[in-house]
Amino acid sequence: MKLNNIEDFIREIQMASLEKAMDRAAFVEQFRIKYLGKKGLISELFEEFKTVPNEQKKEMGQALNRLKTAAQAKIEEFKSSVEKLEQQSQTSDLTLPTDYSAVGSRHVLSVVMNEIIDIFSRIGFTVADGPEIEDDYHVFTALNFALDHPARDMQDTFFVEKEPSVNKPTDVLLRTHTSGVQVRVMEQQKPPIRVIMPGRVFRNEAISARAHCIFHQVEGLYVDKKVTFADLKQTLLYFAKEMFGEQTQIRLRPSYFPFTEPSAEMDISCNICGGKGCNICKGTGWLEILGCGMVDPNVLETSGIDSKEYSGFAFGMGVERMAMLKYQIRDLRLYFENDLRFLRQFDTIV
Ligand code: PHE
C-alpha cells in the first residue's frame, strides 16, 4: 500500500533538484503534475486514504498533509529559482549593448610614421629594420665619417662601451641616426635597392621644446643603375605633396653630410601661411623638413656595391618634426609625457 511510503515520498520531493533539467520550466510543470495534478500521486493517495481504518486516519492524514505541503513548497522553490536564472541569463545576453569602455588610440608619432611608410610604399619602397644599439662601424665609419673627423661631433652620441682614445669601429653606442640601416641593407642586398627605414634614434641633447634625447627618423635609400639627383628630387616632391597637400612646393639647399655627395636640405612651402611668412616659418615662407643627397661612392664601395655601375640617393627626416608641422605641435616634450589631454586630440586619426 502506497500510503505506507509517505515518508519516502516526502524525502524524494525534498531531494528533487532542478540542476540537471534541460528545460527547467518544463521540469517544474512535470513535477507539479506528477505530485499535485488531478491524477497525480497526492490525489491518488487521498483517494486511498478513504479506505484507511479509522484508528490510523489521524496519523496518516497528518502525514499526507505534510506530503502535500512539501510538494507545494518544493514547487514554489523551483519557480523562484527558475525566475532568478531567467533574470541572470537576461543580464548576460550577448546581444545586449555593453558598457562602453574607452580603448586606446595610436600615438600621433606612430600615425605619422605609418603615413610616411604608406606614402613611400605606394612607389615601391619596402621597410627595413636595424638595431638601436649599434656599433661605431655602421653608424659612422661605413658612412664615411673618418675616425677623427669632426663630423662625428655633429651628433652627440650616447656610448654604451667606448674604447679610450678616439672612436673605434668596435665602440658600442645608441644610434644617432637611422643611416646605419642603409649600410646593413647594402651589405645584405644587391641593387636594385628601394627601402625605407623607420626607427628610434638617440642623441645626447638637453631636453627642451625644440630638442629631445630620443626621437624618430625615417630614412630612405634607393640604389640602382643610373639613379640621378632628378630622381631624388621627384621622389621628394611626390612625398611632400602626398604628406602636406597638392599645393606644396619644395626647394633644395646645398648642405653637407659625410655619406652623401652632393648633399641637400629640403624645405617645403609653409603649409600654415601658404608661403606668405608667419611665425611658424619665421617669416621665410619655408619649413626645413629633411636632409638628403646622392649616396657617396665611398659608402657604396665600403658596403660592396660597385660605384661605377650603380648610384643611389638617400634621405632622412625626423618624425617629430613632421608631426609638429602637420598638426602644429609646438613642444617636442609633449610626445613623451603621456598626457591624455594631448594624446586624445589624435583619437580620430587612424
Ligand atoms: N642621417 C641624417 C641626419 O640624421 C639625415 C640624412 C639621411 C641625410 C640620409 C642624408 C641622407 O641628420
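Report follows, based on the coordinates. Every chain is numbered independently, its residues counted from 1 as its sequence is written. Under the rules for a predicted model, residues below a pLDDT of 70 receive no local features and side-chain atom pairs below 80 are neither given nor counted, while totals for whole chains, interfaces and linings still include all residues. Hydrogens and water molecules were not included; the side-chain quantities draw on all heavy atoms of the structure.

**Concerning the overall build of the protein**
The criterion, for reference: Only DSSP runs of H or I with at least four residues qualify as helices, and only runs of E with at least two residues qualify as strands; both kinds are numbered from the N terminus onward. Note that the radius of gyration is over C-alpha atoms, with the globule rule given as 2.2 Å times the number of residues to the power 0.38. Between buried and exposed lies partly exposed: a residue is buried under 20% and exposed over 50% of the maximum accessible area for its type, with that area taken using a 1.4 Å probe on protein chains only. We call two residues in contact whenever any of their non-hydrogen atoms come within 4.5 Å of each other. What sets the accessible areas is the Shrake-Rupley method with a 1.4 Å probe; for residues, cover comes only from the shown protein chains. Neither His nor the chain ends is counted toward charge; the positive residues are Lys and Arg and the negative residues Asp and Glu. Here the site of a charge means atom NZ of a Lys, CZ of an Arg, CG of an Asp or CD of a Glu.
Check the secondary structure of the protein and you find 11 helices and 10 strands. Taken over the C-alpha trace, the protein has a radius of gyration of 40 Å; the compact-globule value for 350 residues is 20 Å, which it surpasses by more than 25%. Projected onto its principal axes, the C-alpha coordinates of the protein cover approximately 125 × 50 × 40 Å. Of all 350 residues assigned to the protein, the portion counted as buried reaches 43%. Within the protein, residue pairs in contact and separated by at least 24 positions form 65% of the contacts whose partners lie at least 6 positions apart. Per element, the accessible surface of the protein, about 19,800 Å² overall, is 52% carbon and sulfur. Charge separation in the protein, taken as the distance between the mean sites of 43 positive and 50 negative side-chain charges, equals 7 Å.

**Let's talk about the nonpolar core**
Threshold: Grouping buried Ala, Val, Leu, Ile, Met, Phe, Trp, Tyr and Cys residues that are joined through side-chain atoms within 4.5 Å yields what is termed a nonpolar core.
Counting 46 residues, the largest nonpolar core has Ile 116, Phe 239, Ile 289, Phe 315, Met 317, Met 322 and Tyr 335 as the members making the most contacts within it. Contributions of two or more residues to this core are made by α5 (108-121), β6 (214-224), α8 (229-244), β8 (260-269), β9 (286-295), β10 (311-318), α10 (319-327) and α11 (340-343). Sorting elements by how many residues they give to this core places α5 first, with 8 residues. When sequence neighbours within four positions are dropped, the list of residues in contact with Met 317 reads Ile 116, Phe 120, His 216, Gln 217, Val 218, Phe 239, Ile 289, Leu 290 and Met 322. Ranked by size, the runner-up nonpolar core spans 24 residues in total, among them Ala 128, Phe 140, Val 195 and Val 299.

**Remarks on the sheet that holds strand β4 (residues 172-174)**
To be explicit about the condition: Strands were regarded as paired on the criterion that DSSP finds at least two bridges between them. Convention adopted: a line fitted to C-alpha atoms gives each axis, helices being fitted over their contacting stretch, and angles between N-to-C directions are expressed from 0 to 180 degrees.
Taken together, the 3 strands give an open sheet; going across it, the order is β2-β4-β3, and neighbouring strands pair in antiparallel fashion. The open sheet has two edge strands, β2 (133-135) and β3 (159-161), and neither has a second partner. Ignoring strand direction, the axes of neighbouring strands in this sheet form an average angle of 35 degrees. Across 3 bridges, the pairing between β2 and β4 is antiparallel. Within β4, the position partnered with Ile 133 by the bridge is Leu 174.

**With respect to the sheet that holds β10**
Spatial ordering of the open sheet is given by β1-β5-β6-β10-β9-β8-β7, a layout of 7 strands whose pairing is mixed. Single-partner strands in this sheet number two, and they are β1 (126-127) and β7 (250-257). Relative to strand β5 (residues 193-202), α5 is tilted by about 165 degrees, and along the sheet it contacts β1, β5, β6 and β10. Across the sheet, α10 lies against β6, β9 and β10, angled at about 145 degrees from β9, the strand it touches most.

**Considerations on the layout of surface pockets**
The line we're drawing: We place a 1 Å grid over just the protein atoms. Points where a 1.4 Å probe fits but has no way out form a cavity, open points with protein on both sides within 12 Å along at least 5 of 7 lines form a pocket, and any residue with an atom within 4 Å of a point lines it. Grid points are joined across faces, edges and corners, and a volume is the space filled by probe spheres set on the points. Each residue gets one label: Ala, Val, Leu, Ile, Met, Phe, Trp, Tyr, Cys and Pro are nonpolar, Asp, Glu, Lys and Arg are charged, and the others, such as Gly, are polar.
Counted as a void, the largest pocket has a volume near 1,300 Å³. Lining the largest pocket are 45 residues, with Phe 215, Glu 288, Ile 289, Gly 318 and Arg 321 positioned closest to its centre. At the level of elements, α7 (179-188), β6, β7, β8, β9, β10 and α10 are the ones that each hand at least two residues to the lining of the largest pocket. Here the lining of the largest pocket gets 8 residues from one element, more than from any other, and that element is β9. Its residues assigned to classes, the lining of the largest pocket shows 21 nonpolar, 14 polar and 10 charged. Looking at the second largest pocket, its volume works out to about 170 Å³. Along the walls of the second largest pocket sit Ala 102, Val 103, Gly 104, Ser 105, Arg 106, His 107, Leu 340, Leu 343, Arg 344 and Asp 347, which together make up its complete lining.

**Some words on the side chain of Thr 235**
Relative to the helices and strands, Thr 235 resides in helix α8. Excluding anything up to four places from it in sequence, Thr 235 contacts Phe 120, Ile 123, Phe 125 and Phe 313.

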